[in-house]
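Take a look at the letters that make up each chain.
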Amino acid sequence: RQLEKENNFHVLHYLIEACTDDIRARVAVLRGERDYQYFSGAPRNNSKGDKEMYAELIKTFSDMGFTQAEIDDVHVLLTAVLTLGNVSFKKGANGEDDDSCEIEDMKFVDEVKTLLELEDAEALVSALTCKFIITNGEVFISPLTVDQARDARDTLAKRMYENLFSWLVHKMNIILAEKIPSDAADSDAVSWTSVGVLDIFGFENFAHNSFEQLCINTANEQLHHYFNQHIFAWELDEYKKEGIAASDITFKDNNNQVTLLLGRPLGVFAILNEEAKLSRSTDSSCLMKLKKHVGDLPGFVPCPHTRTCIHASTCLCTHPPPSTRGHTRSHLHAFCPTAPRIAT
C-alpha cells in the first residue's frame, strides 16, 4: 500500500492508464486506479507521461525478444498483485476463537485464482488466513487475526512482484546470452552480455514512516558507509602511511547508524528477525528487546510520546520517527506450505 505522495511502482500506473484493448480483453478484471486498495491515499500526481512510458516499455520487451505470450503474462501477474490487495477480512463468525478471521468477499479471491490459473481457491484462502508452524515434522495450524491476515496478503503480493522482477532479469540475461558468438573465449567478449541492476534509493520521510522506509533508508546508510570507507577512511589511512598531511580533511562517519541497524548478533534487523520467528511476539515485546540490547547505542532514542516508536538515527529518519507498530508482522510472515507455490 503506497503512502500519500509516494509514487513508486510506476509500471502499475502504466498498466492501468495505457494498456491496449487486447490486453484488457484478456485481463477481464482490470479496473481503474481508484478501484485498487494499493493506490488508496496515493493518487498519481502526474499521469500525462504514462501512455508514452507504457508504449516504450512494450517496445523494449519486443526489442529484447520477449514473446507476446510472455508480455501478456506480465500483465496478468501485475493485475493479480493489484487484485490481491483488494481482498479484505473480517472476524471469524464461528465464535469459537475471537482471534480468527475470514475473507469478507470471495470475489477478489476467485479473480486472483483465475488469473494465476490455480485449481481451486482453497490454497489461497489458507495462505491468507492461517499460520502454519512445523515442529519436529508435525504441522500446527493456527488462525490469523484480521491484522495478521492483511499482512499475509501484502507479503504474498510483494513476493509475487519480487519473483516477477527476478524472472525478468533472469530472462533478459538468457536472451543476451544467446547472442554470444560461439567462438568467444575471453571474458571481455562475454562481459557485456549480462545485466546488473543497481537501484539507488532516495531517503524517504513521510507522515508515517513504515518498515519499507526503514529498509530504504538503511540501504542508503549502507551506501553512504561504503562511500565513506572507499573515498575517505581508506584513503586517509594511505595518506597517513605515506606521511601526507591530511588532517583538514573530515567527513561525517555514519558507522554508528550502520552498527545500530545491521550489527550482529544484536542489531535492529537481527532482533526483528528473531522476534518475527516467535509465535507470541508483539510490537511491544520487540520494542522492549530493542531497548534492552541496543538502547545504549548512539543514535537510538525511544520516542517519549508512544510505546511503539523509536528514533533510530538522526541521519536515518527525521520526524516523525519510524514506528515499530506492525514491524514484527510485516518483517516476516510464516507462510502456509502452499504460499511459495502460489507466489511463483
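Please refer to the structure higher up on the page.
My aim in this report is to walk through the structure given alongside it, one point at a time.

**What about the overall build of the protein chain?**
The secondary structure content of the protein chain amounts to 14 helices and 6 strands. The buried share of the protein chain, reckoned over its 344 residues, is 40%. Across the protein chain, every contact between residues at least 6 apart in sequence was considered, and the portion connecting residues at least 24 apart equals 62%.

**Looking at the pairing of strand E4 (residues 138-143)**
Relative to E4, strand E3 (residues 130-135) is paired through 6 bridges, and the arrangement is antiparallel. Of the residues in E4, the one forming a bridge with Thr135 is Glu138. Between E3 and E4, which follow one another and run antiparallel, lie 2 residues, and Asn136 among them has a positive phi close to 50°.

**Describing the environment of Val29**
With respect to the secondary-structure elements, Val29 resides in the loop between helix H2 (21-26) and helix H3 (50-64). Note: C-alpha distance between Val29 and Val76 (47 residues apart in sequence) is 9.7 Å. What Val29 contacts, discounting residues up to four positions off in sequence, is Tyr36, Thr79, Thr83, Glu111 and Leu115.

**Some details on the packing of aromatic side chains**
In total, this model carries 4 aromatic pairs according to the counting rule given. Judged by centre distance (5.0 Å) and plane angle (75°), the rings of Phe61 and Phe66 are edge-to-face. Judged by its relative accessible area of 9%, Phe61 is buried. With a relative accessible area of 7%, Phe66 lands in the buried category. Put simply, the rings of Phe61, Phe66 and Trp167 pair up and form one aromatic cluster.

**Quick notes on the pattern of salt bridges**
With the rule as written, the count across this model stands at 10 salt bridges. The partner of Lys158 in a salt bridge is Glu212, and the shortest N-O contact between them spans 2.4 Å. Here the residue Lys158 occupies a position in helix H7 (residues 146-177), and Glu212 occupies one in helix H9 (residues 211-241), the gap between them amounting to 54 residues. Glu212 gets classed as partly exposed once you look at its relative accessible area, which sits at 31%. Here Glu238 makes a salt bridge to Lys241, at a shortest N to O gap of 3.9 Å. Placement of both Glu238 and Lys241 in helix H9 is noted, with a separation of 3 residues, approximately one turn of the helix. The class for Glu238 is partly exposed, based on a relative accessible area of 36%.

**A few points about the packing of helix H4 (residues 68-84) against H7**
Packing of H4 against H7 leaves a shortest axis separation of 9 Å and a crossing angle of 160°. Relative to H7, the element H4 is oriented roughly antiparallel. H4 and H7 meet at a crossing whose hand is left-handed. Residues Glu70, Val74, Leu77, Leu78, Ala80, Val81 and Leu84 of H4 form the contact with H7, whose participating residues are Arg153, Leu156, Ala157, Met160, Tyr161, Leu164, Trp167, Leu168 and Lys171. Looking at the contact of H4 with H7, its residues break down into 13 nonpolar, no polar and 3 charged.

Criteria and thresholds
Residues numbered from 1 in each chain as written. Predicted model: local features only at pLDDT ≥ 70, side-chain atom pairs only at ≥ 80, totals over all residues. Heavy atoms only, no water. Helix = DSSP H or I, 4+ residues; strand = E, 2+ residues; numbered from the N terminus. Buried < 20%, exposed > 50% of the residue type's maximum accessible area, 1.4 Å probe, protein only. Contact = heavy atoms within 4.5 Å. Pairing = 2+ DSSP bridges. Phe/Tyr/Trp six-rings, centres within 6.5 Å; stacked < 30°, edge-to-face > 60°. Salt bridge = Lys/Arg side-chain N within 4 Å of Asp/Glu carboxyl O. Axes fitted to C-alpha atoms, helices over the stretch in contact; angles between N-to-C directions. Parallel < 35°, antiparallel > 145°, perpendicular 65-115°, else oblique. Left-handed = near helix turned anticlockwise from the far one by under 90°. Nonpolar A, V, L, I, M, F, W, Y, C, P; charged D, E, K, R; others polar.

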